[in-house]
Amino acid sequence: MTNDIDNFSPNSDFLKMMKDRGYIHQCTDLEALDQKLSKNIVAAYIGFDCTATSLHVGSLVQIMMLRNLQKNGHKPIVLMGGGTTRIGDPTGRDESRKMLTDEDINTNMDGIRTVFEKYLTFGDGPTDAVMVNNADWLEKLSYIDFLRDMGPHFTINRMLTFDSVKLRLEREQPMTFLEFNYMILQAYDYLELGRKYDCSLQMGGSDQWGNIINGVELNRRVDRNEVYGLTTPLVTLANGQKMGKSMSGAVWLNDDMLSSYDFWQFWRNTADADVGRFLRLFTELPLTEIERLESLEGSEINEAKKILANEATTLCHGAAAAQNASEIARQAFEQKSLSADLPTVSVVKADLETGIQVSDLYITAGLTQSKGEARRLIKQGGAKINDEKISDGELLVTMAQLNSEGTIKLSAGKKKHVLVKPE
């Protein structure tokens, strides 16, 4: 058995692609999994809790793994955490998650479903994706029977070694018995999926390693099934920030939460150091082309960023949306012209007639998070109204600044622009 990823040469198309594109961080048994993938159609799953009406780009590595799994002839299972969301995953958190109602969870699940329809092919075929809800079996469990059957396979000693538990204890933050049960229920999910779908691979982020190991061991002990776990590296930005956030908040995958233009802009604003890695993880460009693009230097790297933005947006929102976003950006940034398709925020006309302090307007437009940030932007020369630099941090913006199209164009640096419209 080897888990030395650097020196491992996969035979299966899936693991070869995963290694070449930088998806693999840990695996329970690379050689055995590789053999199974080479000989059989493998059903593999990733779980997603329903904490919001959309997933954000922090989940995109996992979504792309499922997509690549299907492209290489295997069966993706999308597990929706309709049951486990009622508890909340304690992984990586200092405090308990907000408890959601069943109505909230169902609404969130409906929104998340639309994301996967863009990336996977669903159906009844051997490699078609399926979406299942763990509430279907978790809500039917008898508590006493569950404890009797599953409890003996988990020790408190072992569970205390998992990062999700240690983090809370080290920081002297309380961890409820409810949350402590989350890892047991997640392991039970793997057992159920093995029984219902012959699922033999669970994938996820590296922060889920402990939970995945629990499921692997439970399958082996209860059903004597040889199953596997595979995790991806934690994806952070070059500046160390967690993937999934931007200056204006979360980078959602549903266009009712974030416009395709803003989604395109997120990728266009990628740091130079992240371009090659993101092209491998979030696009389907050939590796030879990616190597060419990441070797570009100076201003030429911006062409690689535009290609990254176009490819990532095409996968998530379609080719037409990507082309439209690219054209809007070209007009706004290269020709410095306005477009009705730029993000637009509305303000009360009466307030604009009286005058709105420029720092407040930047917050309303989502270009800064605070007045202090807005003032720093102005002081550094990065704030503009209708392409004219702002020098006064106390400026009142009024109806007098409306352009011929009846809007005010606010800019933060060269890449972020919003139209303000009085109503």
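The rules behind these values
Residues numbered from 1 in each chain as written. Predicted model: local features only at pLDDT ≥ 70, side-chain atom pairs only at ≥ 80, totals over all residues. Heavy atoms only, no water. Helix = DSSP H or I, 4+ residues; strand = E, 2+ residues; numbered from the N terminus. Buried < 20%, exposed > 50% of the residue type's maximum accessible area, 1.4 Å probe, protein only. Phe/Tyr/Trp six-rings, centres within 6.5 Å; stacked < 30°, edge-to-face > 60°. Pairing = 2+ DSSP bridges. Arc of directions from axis to C-beta. Contact = heavy atoms within 4.5 Å.

Student: What exactly am I supposed to notice about the environment of glutamate 423 here?
Tutor: Within the fold, glutamate 423 resides in the segment after β15 (416–422). Among the residues examined, glutamate 423 registers a relative accessible area of 60% and is labelled exposed. In the structure, glutamate 423 is positioned 73 residues away from alanine 350 in sequence and 8.5 Å away in space, judged by C-alpha atoms.

Student: Is there a simple way to think about the packing of aromatic side chains in this case?
Tutor: Two numbers describe a pair of aromatic rings. These are the distance of the centres and the angle of the planes. Counted under the stated rule, the structure contains eight aromatic pairs. For the ring pair phenylalanine 146 and tyrosine 188, a centre distance of 5.3 Å and an interplane angle of 90 degrees mean the geometry is edge-to-face. Within this pair, whereas phenylalanine 146 is found in helix α6 (residues 143–150), its partner tyrosine 188 is found in helix α10 (residues 182–197), the two being separated by 42 residues in sequence. The pair formed by phenylalanine 146 and tyrosine 188 is uniform in burial state, with each residue classed as buried. With centroids separated by 5.0 Å and ring planes inclined at 80 degrees, the aromatic side chains of phenylalanine 266 and tryptophan 267 adopt a geometry described as edge-to-face. Among the residues examined, phenylalanine 266 registers a relative accessible area of 12% and is labelled buried. According to the relative accessible area criterion, tryptophan 267 is buried, its value standing at 0%. Every member of this aromatic cluster is reached through a ring pair, and the members are Phe263, Phe266, Trp267, Phe278 and Phe282.

Student: Just checking my understanding: could you explain the sheet that holds strand β12 (residues 388–389) for this structure?
Tutor: Neighbouring strands of a sheet are bound in pairs by backbone hydrogen bonds; such pairs are parallel or else antiparallel. The five strands lie next to each other as β9-β15-β14-β11-β12, forming an open sheet whose pairing is mixed. On the outer flanks of this sheet lie β9 (344–347) and β12, each paired with one strand and no other. Examined bridge by bridge, strand β14 (residues 408–412) and β15 share five bridges and lie antiparallel to one another. Paired with isoleucine 408 across the strands is valine 420, a residue of β15.

Student: Would you take a moment to explain unusual backbone geometry for this structure?
Tutor: Most peptide bonds take the trans configuration, and most residues that are not glycine carry a negative phi. At asparagine 386, a position not held by glycine, the phi torsion is positive, near 50 degrees. Topologically, asparagine 386 is positioned in the loop between β11 (383–385) and β12.

Student: Whenever I open this one, helix α19 (residues 371–379) confuses me. Can you help?
Tutor: Owing to its 3.6 residues per turn, the α-helix aligns residues three or four sequence positions apart on the same side. The complete set of buried residues in α19 reads Ala374, Leu377 and Ile378. Buried residues along α19 cover an arc of 100 degrees about the axis, so they all sit on one side. Opposite the buried face of α19, at more than 90 degrees from it, the exposed residues are Arg376 and Lys379. Taken together, the buried residues of α19 touch α18 (358–364), β11 and β14. Just past α19, the residue glycine 381 takes up positive phi, approximately 80 degrees.

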